[in-house]
Each structure stands twice: as C-alpha cells, then as structure tokens.
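Each chain, written out:
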Amino acid sequence: SPHEALPISSKEDFKKKVEVDAFRETQEDGTERAGTSPLEKNCEDGIYVDILSGEPLYSSKDKFDSGTGWPSFVKPITPDALTEHEDRKLFSVRTETRSAIADNHIGHVFTDGPSDRGGLRYCMNGVALKFVPKAEMEATGYADFIQYI
C-alpha cells in the first residue's frame, strides 16, 4: 500500500534518499521560505500526499490562496489524516501538524483562515507534500480518495 510509513533503517539512510529541504522540513521541523514552493500556486484537481510515506493529507477542493507564500488548506482530506501538537519553538505557541502514519512535520494550523469555510488555515511546507493529479489517482493507488476532490 502506498499509505504506510517508509521502511528507513536510519536517519542517515533516509537523508540520502530525499532532497535536503524535504529532510529538514519533515524530520527536523523546519520551515521552507515563503513563496518557494511550486505547489503554492497549483490549481489542478487532485490530492496532496506526504512526500515520504504517500499518505493522503489534503484535497485540492480545500486549497485556497492565503497570500502567505505557503500552500494553504481549510482542512485535511480526512479528520484522521494529521495529528496536532503544541509547538513552542518560536516566541509564541503554535499548533504543529504532522502526518498521522509517518509522523512527518508538515506545517502548522492557524485560526485566520476563511471564516465561511471553518476559519482554519493549514499552512504547509510544499516540500513536505507531493501532488497527485486526479487523472493519475486511480493508477497510483488513490482511487478511494477521488471522492474528496
């Protein structure tokens, strides 16, 4: 199944298999620079999955332009797709989001999203995500998630 944690024997082996930014953002809780992700402006129909494990995290239906420079969504693709954790690393308390299965750092959730769509803004690191276009979902094992687009 494409929706499982990757069998990586060590952090060093894993680090060799992914881009430096993807490793820093997902494994070391980093944040990419605003405006650097090509996924920020992506408007195609499809889903966004964890770059490492492939687990579905967001639907294009729930994506919006937040003006922040990061891909933003009003909610995860399913209620159990993410876990949330208190983050006190900066000068304020934030809510970190991690992929539920692989436990990779994906981004943060804020309460300044569109009020007519629930009021939340899931602000994501684009390098932590992989976009799967709707046309490729069935062939790549995501047919069950077409209903969320």
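Predicted, not measured: the structure shown is a model, and the values here were computed from it.

Re the nonpolar core
- Of all hydrophobic cores here, the largest spans 21 residues; its most connected members are Ile47, Tyr58 and Leu129.
- Counting only elements with at least two residues in this core, the list comes to strand E1 (46–50), strand E2 (56–59), strand E7 (105–110), strand E8 (121–124) and strand E9 (129–133).
- The residues touching Leu129, leaving out its near neighbours within four places in the chain, are Leu39, Tyr48, Val49, Ile51, Leu57, Tyr58, Phe73, Ile106 and Met124.

Concerning the sheet that holds E2
- Pairing is antiparallel across the open sheet formed by three strands, whose spatial order is E2-E1-E9. At either margin of the open sheet sits one strand with a lone partner, and together these are E2 and E9. Recorded for the sheet is a direction-independent mean angle of 30° between the axes of neighbouring strands.
- Where E1 lies against E2, three bridges are found, and the strand directions are antiparallel. Residue pairing in the sheet places Val49 in a bridge with Pro56 of E2.

Focus: the environment of Phe110
- Within the secondary structure, Phe110 is located in strand E7.
- Taking relative accessible area as the criterion, Phe110 reaches 25% and is therefore assigned partly exposed.
- Once the C-alpha coordinates of Phe110 and Tyr122 are considered, the two residues, twelve residues apart in sequence, prove to be 6.4 Å apart.

Some details on the pairing of E1
- A large share of E1 lies buried, amounting to five of its five residues.
- In this sheet, E9 lies alongside E1 in antiparallel orientation, the contact comprising five bridges. For Val49, the partnering residue across the bridge sits in E9 and is Lys130.
- Between E1 and E2, which follow one another and run antiparallel, lie five residues, and Gly54 among them has a positive phi close to 85°.

Details of the pattern of salt bridges
- In this structure the tally under the stated criterion is four salt bridges.
- Note that Glu96 is salt-bridged to Arg98, the shortest N-O span being 2.6 Å. Each member of the pair, Glu96 as well as Arg98, carries the same accessibility label: buried.
- For Arg98, the salt bridge goes to Asp103, with nearest N and O atoms at 2.9 Å.

Some thoughts on the packing of aromatic side chains
- Scanning all chains against the criterion turns up five aromatic pairs.
- Their ring planes at 35° and their centres at 5.8 Å tell us that Phe145 and Tyr148 sit as a pair that is tilted.
- According to the relative accessible area criterion, Tyr148 is partly exposed, its value standing at 27%.
- Each residue in the set Tyr48, Tyr58, Phe73, Tyr122 and Phe131 is aromatic and connected to the rest through ring pairs, giving one cluster.

With respect to the side chain of Glu55
- By the secondary structure assignment, Glu55 is in the loop between E1 and E2.
- Among buried Asp, Glu, Lys and Arg side chains, Glu55 stands out as unpaired, with Arg98 the closest opposite charge at 10.0 Å.
- Looking at Glu55, its side chain comes within polar contact range of the main-chain nitrogen of Ile101, at 2.8 Å.

Observations concerning the sheet that holds strand E5 (residues 82–87)
- Overall, antiparallel pairing links the six strands, which are arranged E3-E4-E8-E7-E6-E5 in an open sheet. Because the sheet does not close on itself, it has two edges, and the strands there are strand E3 (63–64) and E5.
- Inspection of the sheet shows E5 paired to strand E6 (residues 94–99) by six bridges, in the antiparallel sense. Bridge pairing links Glu86 to Thr95 in E6.

Conventions adopted
- Residue numbering note: each chain is counted from 1, following its sequence as written.
- Side-chain atom pairs in this predicted model are given and counted only at pLDDT of 80 or more, local residue features only at pLDDT of at least 70, and totals for whole chains, interfaces and linings cover all residues.
- In computing side-chain properties, one takes all heavy atoms of the structure into account and sets aside hydrogens as well as water.
- Among buried residues, the Ala, Val, Leu, Ile, Met, Phe, Trp, Tyr and Cys ones that are joined through side-chain atoms within 4.5 Å form a nonpolar core.
- Residue burial is assigned from relative accessible area. The probe radius is 1.4 Å, only protein chains are included, and a residue is buried under 20% of its type maximum, exposed over 50%, and partly exposed in between.
- Only runs of H or I of at least four residues qualify as helices and only runs of E of at least two qualify as strands under DSSP, and these elements are numbered from the N terminus.
- Here, residues are in contact when the closest pair of their heavy atoms is within 4.5 Å.
- Only when DSSP finds a minimum of two bridges between them are two strands counted as paired.
- As a rule, the C-alpha atoms of each element are fitted with a line to give its axis, helices using only the stretch in contact, and angles between N-to-C directions run from 0 to 180 degrees.
- We define a salt bridge as a contact between a side-chain nitrogen of Lys or Arg and a carboxyl oxygen of Asp or Glu at a distance within 4 Å.
- Each Phe, Tyr or Trp ring (for Trp, its six-membered ring) is paired with any other whose centre lies within 6.5 Å, and the angle between the two planes then decides the class: stacked below 30 degrees, edge-to-face above 60, tilted in between.
- His is not counted, nor are the chain ends, whereas Lys and Arg count as positive and Asp and Glu as negative.
- Within 3.5 Å is the distance limit for a polar contact, defined as a pair of N or O atoms, with the added protein rule that one can donate a hydrogen and the other accept it, and that residues adjacent in sequence qualify only through two side-chain atoms.

Functional significance is not addressed by these values, which are geometric in nature.
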